[in-house]
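# Structure at a glance
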Amino acid sequence: MFSLSSTVQPQVTVPLSHLISAFHSPKPVSVSVSTSVSQSKHRDVVPEHEVSSSEPALNLRDLGLSELKIGQIDQLVENLLPGFHKGRNVSSHWHASHVSAQSFFENKYGHLDMFHALRSSYLFRQHSRTLQRLCSDLQYWPVFIQSRGFKTLKSRTRRLQSTSERLAETQNIAPSFVKGFLLRDRGSDVESLDKLMKTKNIPEAHQDAFKTGFAEGFLKAQALTQKTNDSLRRTRLILFVLLLFGIYGLLKNPFLSVRFRTTTGLDSAVDPVQMKNVTFEHVKGVEEAKQELQEVVEFLKNPQKFTVLGGKLPKGILLVGPPGTGKTLLARAVAGEADVPFYYASGSEFDEMFVGVGASRIRNLFREAKANAPCVIFIDELDSVGGKRIESPMHPYSRQTINQLLAEMDGFKPNEGVIIIGATNFPEALDNALIRPGRFDMQVTVPRPDVKGRTEILKWYLNKIKFDKSVDPEIIARGTVGFSGAELENLVNQAALKAAVDGKEMVTMKELEFSKDKILMGPERRSVEIDNKNKTITAYHESGHAIIAYYTKDAMPINKATIMPRGPTLGHVSLLPENDRWNETRAQLLAQMDVSMGGRVAEELIFGTDHITTGASSDFDIATKIAKRMVTKFGMSEKLGVMTYSDTGKLSPETQSAIEQEIRILLRESYERAKHILKTHAKEHKNLAEALLTYETLDAKEIQIVLEGKKLEVR
Ligand SMILES: Nc1ncnc2c1ncn2[C@@H]1O[C@H](COP(=O)(O)OP(=O)(O)OP(=O)(O)O)[C@@H](O)[C@H]1O
Ligand SMILES: [Zn+2]
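Cut-offs and rules
Residues numbered from 1 in each chain as written. Chains lettered and ligands numbered in written order. Predicted model: local features only at pLDDT ≥ 70, side-chain atom pairs only at ≥ 80, totals over all residues. Heavy atoms only, no water. Donors = N, O, S within 2.8 Å, 3.2 Å for Na, K, Ca; no water. Tetrahedral: all angles 85-135°; square planar, octahedral: opposite > 155°, others 65-115°. Helix = DSSP H or I, 4+ residues; strand = E, 2+ residues; numbered from the N terminus. Near = heavy atom within 4 Å. Polar contact = N/O pair within 3.5 Å; in protein donor to acceptor, adjacent residues only side chain to side chain. Areas by Shrake-Rupley, 256 points an atom, 1.4 Å probe, with all protein chains shown as cover. Pairing = 2+ DSSP bridges. Axes fitted to C-alpha atoms, helices over the stretch in contact; angles between N-to-C directions. Contact = heavy atoms within 4.5 Å. Buried < 20%, exposed > 50% of the residue type's maximum accessible area, 1.4 Å probe, protein only. Lys, Arg positive; Asp, Glu negative; His and termini not counted. Salt bridge = Lys/Arg side-chain N within 4 Å of Asp/Glu carboxyl O. Core = buried A, V, L, I, M, F, W, Y, C linked by side-chain atoms within 4.5 Å. Parallel < 35°, antiparallel > 145°, perpendicular 65-115°, else oblique. Left-handed = near helix turned anticlockwise from the far one by under 90°. Nonpolar A, V, L, I, M, F, W, Y, C, P; charged D, E, K, R; others polar. Patch = residues over 30% accessible without salt bridge, like charges linked within 9 Å, V, L, I, M, F, W, Y side chains within 5 Å. Charge placed at Lys NZ, Arg CZ, Asp CG, Glu CD. Phe/Tyr/Trp six-rings, centres within 6.5 Å; stacked < 30°, edge-to-face > 60°. Lys NZ or Arg CZ within 6 Å of the ring centre and 35° of its normal.

### Side note on the coordination of the zinc ion (ligand 2)
- Those protein atoms acting as donors to the zinc ion (ligand 2) are His541 (NE2), His545 (NE2), Asp619 (OD) and Asp619 (OD), and they sit at 2.0 to 2.7 Å.
- The coordination sphere of the zinc ion (ligand 2) comprises 4 donor atoms, whose angles at the metal cover 52 to 143°; the geometry is irregular.
- Look at where the donors of the zinc ion (ligand 2) fall in the sequence and you get H-x3-H-x73-D. Note that His541 is positioned in helix H26 (residues 532-551) and Asp619 in helix H28 (residues 617-632), a separation of 78 residues in sequence.

Below you can see the structure in the form of structure tokens.
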């Protein structure tokens, strides 16, 4: 029985739409008019169009409803669409063509095609409310209209195609939830129902009831499938929205986006770094470089001013200097002073193993920069991208990358407002094409800071921490010859850390000295147990150096003496030049040799020739180097004259032995002078060694107190 009780009805709303789309045959009606009439009788030969015109019946059979009695179908439709039958005969402008189609149906099946009405526009006009209500849950209106469209277009052209092809077609064009229904193996469904009734020997009288029951079950199953499909669709939609949000978030988050971009490689974008907070004020001890870059700042501030006068500024500026001297900082300061975007790139970023990636990164960088001119592009480690174009398996595509860089630099006019600043530690490694006029044609040297520069840098970084009034940055600056800005910053930072570890409130000279020694000679080795004998030898050895330094006129002033093991040494004496030495006199060089000799002389005098140690080897290294340079480079040997001897290995044996002879004499004389001083100041030597054994480390003032024969205050 087709009982569409109120409890079943909600479920029926689902298959109704199926029924509608399945039964819907919206091919142009005029076609079916002309063909159906003329060929409807030839059953055995089934021409193309007849298959089409019988499509509704096929669909009915799909449901196993083909043999339902008219009365039963009426009942079903009445239950689905109350009042439907009353309005059936209302004419519409489509009506005429429907009649012919209907008459064909009638000829074929012996009854009227009730469901035909369901498909007509008339139905919607008359029963829009009811249908709307039925379909509202899952919004079938659009679905219905859609299915109408695709059927019209496709069904006519592929009628003779095999079933499998049809299925494939259906799969492509049908809305997903209709597919399940359409894909059903039509023939087998019908057969199985008919077969079932035969095999079960169902009597004629009960066959109707059986079919009704079957149809009911079918409708329920369809409802269930629809529900499942629907919730699946909803889940998919939610996942899709979540995915979209995820991608959006990924692109918005700067940290993630950077990572994302670097991994995408080819189309990686470049973001400028605005460096408003970095100005020339932040870069200390490189006054000349700052002055040279000042005009670039002016240009970036006002490019028109330069263009009007016809002046041309360099496109590229090469900052040359050792690591950590502030090249990056200077470039940032240029952008900061001019208040323009700063694009940072490191040469190694362009050095890619993959073809074209490096070149494409350069392209992106310049494209972005040009769009945001005036601006500064900074390429750190320029030598790793712009090095001499040597083919190497490690950098297979470097040639491409550097060619791209050259092309980009040629690609814009000098006054376009883009300034490229490159930095390198090895200018000689750069490709010549890069440093010719029109590319990096301006070179600015950024040297290691001198004592004044170092003092300024130390003051600058000391001002960022808490430090004691007694701290004299100049003393530290004098003891840190050759330190770069970065190393001095590190020194101050290490001192602050040391003070914090020791629980001090402020950084004093002690911490600064400590961190200086740590950087110069490695960390202290407090845990090393040194026996008293070795400690004593070390104390006399170091005191020997200190005594010579103290009593030799041209030696550098003493800064500190210690017998605390540090790095590879057991102790050391540090001397401070009053100033950076640009030149050294003969007397100063000899004094340095004498001070070096002091250690071994002390060992020999105190412990005897048999007890001298290996500890003086590095002292002799220093002394020998000085002596050798005096003879072969500085023309300071009377015997060998004012002449330089660069490659001593290629010299004649006589000259070689003459040089050796001279060096030996210089060293022996130095040794003798040191011996003389130590013999003369044996008492002071002993006092100093004992003070070192007691206090381990003595600074310049304490050394002076001891050597003057006064007593040290107990620390
Ligand atoms: N002249 C300086 N004045 C102040 N700070 C400096 C100076 N030089 C270096 N520094 C400090 O050291 C840090 C590192 O310096 P920077 O990166 O600019 O050196 P660099 O010359 O570019 O080194 P590299 O050649 O290794 O890239 C800077 O961020 C800054 O804190
Ligand atoms: Zn020594």
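### Some thoughts on the site of ligand 1
- By nearness alone, 17 residues border ligand 1, and Lys284, Lys327, Thr328, Tyr461 and Glu489 come closest of all.
- Interatomic distance of 3.0 Å between a backbone N/O atom of Leu329 and an oxygen atom of ligand 1.
- In this structure, Asn425 approaches ligand 1 through a side-chain N or O atom, which is 3.3 Å from an oxygen atom.
- Coverage of ligand 1 by the protein chains reaches 79% of its 620 Å² of free accessible surface.
- When residues of the shell around ligand 1 are traced back to their parent elements, those giving at least two are helix H17 (327-338), helix H22 (451-462) and helix H24 (485-501).

### A word on the sheet that holds strand S6 (residues 558-562)
- If you walk across this open sheet you meet the 3 strands as S7-S6-S8, and the pairing is antiparallel. Unpaired on one side and paired on the other, strand S7 (572-575) and strand S8 (697-699) mark the two borders of the sheet. Across this sheet, the average inter-strand angle for adjacent strands is 10°, counted without regard to direction.
- By the bridge criterion, 3 bridges tie S6 to S8 in an arrangement that is antiparallel. For Ala561, the partnering residue across the bridge sits in S8 and is Leu698.
- Set on the sheet, helix H30 (residues 682-695) makes contact with S6 and S8; between it and S8 the angle comes to about 120°.

### Concerning unusual backbone geometry
- Phi angles above zero are rare outside glycine, and Asp339 is one such case at about 55°.
- Within the secondary structure layout, Asp339 lies in the loop between H17 and strand S2 (342-346).
- Using a relative accessible area of 44% as the deciding quantity, one classes Asp339 as partly exposed.

### Things to note about the side chain of Glu603
- Looking at the element boundaries, Glu603 is found in helix H27 (residues 586-607).
- One buried charged side chain, Glu603, makes no salt bridge at all; its nearest oppositely charged neighbour is Arg600, positioned 4.3 Å away.
- At a separation of 2.7 Å, a polar atom in the side chain of Glu603 contacts the main-chain amide nitrogen of Thr613.
- If we ignore the near neighbours within four places in the chain, the residues touching Glu603 are Ile537, His541, Gly608, Ile612 and Thr613.

### Side note on the side chain of Thr455
- Along the chain, Thr455 falls in helix H22.
- The exposure class assigned to Thr455 is buried, which follows from its relative accessible area of 10%.
- Side-chain polar atoms of Thr455 contact the backbone oxygen of Val451, separated by 2.5 Å.
- In this view, Thr455 contacts Pro473, Glu474 and Ala477; residues no more than four positions away in its chain are not counted.

### So, the nonpolar core
- Core analysis: the biggest nonpolar cluster contains 44 residues, and Met593, Met630 and Leu688 have the highest contact counts within it.
- Only H26, S6, H27, H28, helix H29 (653-680), H30 and helix H31 (700-707) provide two or more residues apiece to this core.
- Once you skip the residues sitting within four places of it in the chain, Leu688 turns out to touch Ser543, Ala546, Ile547, Leu698, Ile703, Val706 and Leu707.
- Leu293, Phe299, Val340 and Val376 belong to the second largest nonpolar core, which has 29 residues in total.

### Things to note about the sheet that holds strand S1 (residues 316-320)
- Judged by pairing direction, the sheet is parallel, and its 5 strands sit side by side in the order S2-S3-S4-S1-S5 without closing on themselves. Unpaired on one side and paired on the other, S2 and strand S5 (440-445) mark the two borders of the sheet. With direction set aside, neighbouring strand axes in the sheet form an average angle of 20°.
- With respect to the sheet, H17 is in contact with S1, S2, strand S3 (375-380) and strand S4 (418-424), its orientation differing from that of S3 by roughly 170°.

### Brief notes about the packing of H24 against helix H25 (residues 509-521)
- For the pair H24 and H25, interaxial distance at closest approach is 8 Å and the crossing angle is 125°. Compared by their axis directions, H24 and H25 come out oblique. The handedness of the crossing between H24 and H25 is right-handed. Between H24 and H25, the contacting residues are Glu487, Asn490, Leu491, Val492, Gln494, Ala495, Lys498 and Ala499 on the first element and Glu511, Leu512, Phe514, Ser515, Lys516, Lys518 and Ile519 on the second.
- Of the residues belonging to the contact of H24 with H25, the class tally is 7 nonpolar, 3 polar and 5 charged.

### Overview of a positive patch on the surface
- A contiguous patch of positive charge, built from Lys625, Lys628, Arg629 and Lys633, is present on the exposed surface.
- Relative to the helices and strands, Lys625 resides in helix H28.

### Considering the pattern of salt bridges
- If you walk through the whole model with that rule in mind, you get 18 salt bridges.
- Of the charged contacts in the structure, one is a salt bridge between Asp230 and Arg233, with a shortest N-O distance of 2.5 Å. Linking Asp230 with Arg233, this pair stays in helix H13 (residues 204-252), spanning 3 residues, or about one helical turn.
- You can call Asp230 buried: its relative accessible area is 7%.
- The residue Asp410 makes a salt bridge to Arg439 at a minimum N-O spacing of 2.7 Å. Within this pair, whereas Asp410 is found in helix H21 (residues 398-410), its partner Arg439 is found in the loop between S4 and S5, the two being separated by 29 residues in sequence.
- The class for Asp410 is partly exposed, based on a relative accessible area of 39%.
- Owing to a relative accessible area of 7%, Arg439 belongs among the buried residues under this scheme.
- By sharing partners, the salt bridges in this structure join Glu513, Lys516, Asp517 and Lys560 into a single network.

### Considerations on the pairing of S4
- Burial analysis of S4 places 7 of its 7 residues in the buried class, which makes it a mostly covered element.
- Of the two faces of S4, the one lined by Val418, Ile420, Gly422 and Thr424 and the one lined by Ile419, Ile421 and Ala423 are each fully buried.
- Bridge count for S3 against S4 is 5 bridges, and the pairing is parallel. By the bridge assignment for S4, Phe378 is matched with Ile421.

### Thoughts on a negative patch on the surface
- Negative charge collects at one region of the surface, where Glu288, Glu292, Glu295 and Asp450 lie side by side.
- Tracing the sequence through the fold places Glu292 in helix H15 (residues 287-301).
- Note on Glu292: relative accessible area 34%, which makes it partly exposed.

### Some points on a nonpolar patch on the surface
- A grouping of Leu237, Phe240, Val241, Leu243, Leu244 and Phe245 is seen on the molecular surface, where their side chains present a nonpolar patch of about 620 Å² in accessible area.
- Looking at the secondary structure, you find Val241 in helix H13.

### What about the packing of aromatic side chains?
- Applying the stated criterion to the full structure yields 4 aromatic pairs.
- Relative to Phe607, the ring of Tyr540 has its centre 5.9 Å away and its plane inclined at 90°; by these criteria the two rings are edge-to-face. Linking Tyr540 in helix H26 with Phe607 in helix H27, this pair joins segments that are 67 residues apart in sequence.
- On the accessibility criterion, Tyr540 (9% relative accessible area) is buried.
- Taking relative accessible area as the criterion, Phe607 reaches 24% and is therefore assigned partly exposed.
- Taken together, the ring pairs connect Phe342, Tyr344 and Phe378 into an aromatic cluster.
- The ring of Phe514 is capped by Lys498, whose NZ or CZ atom sits 4.3 Å from the centre of that ring.

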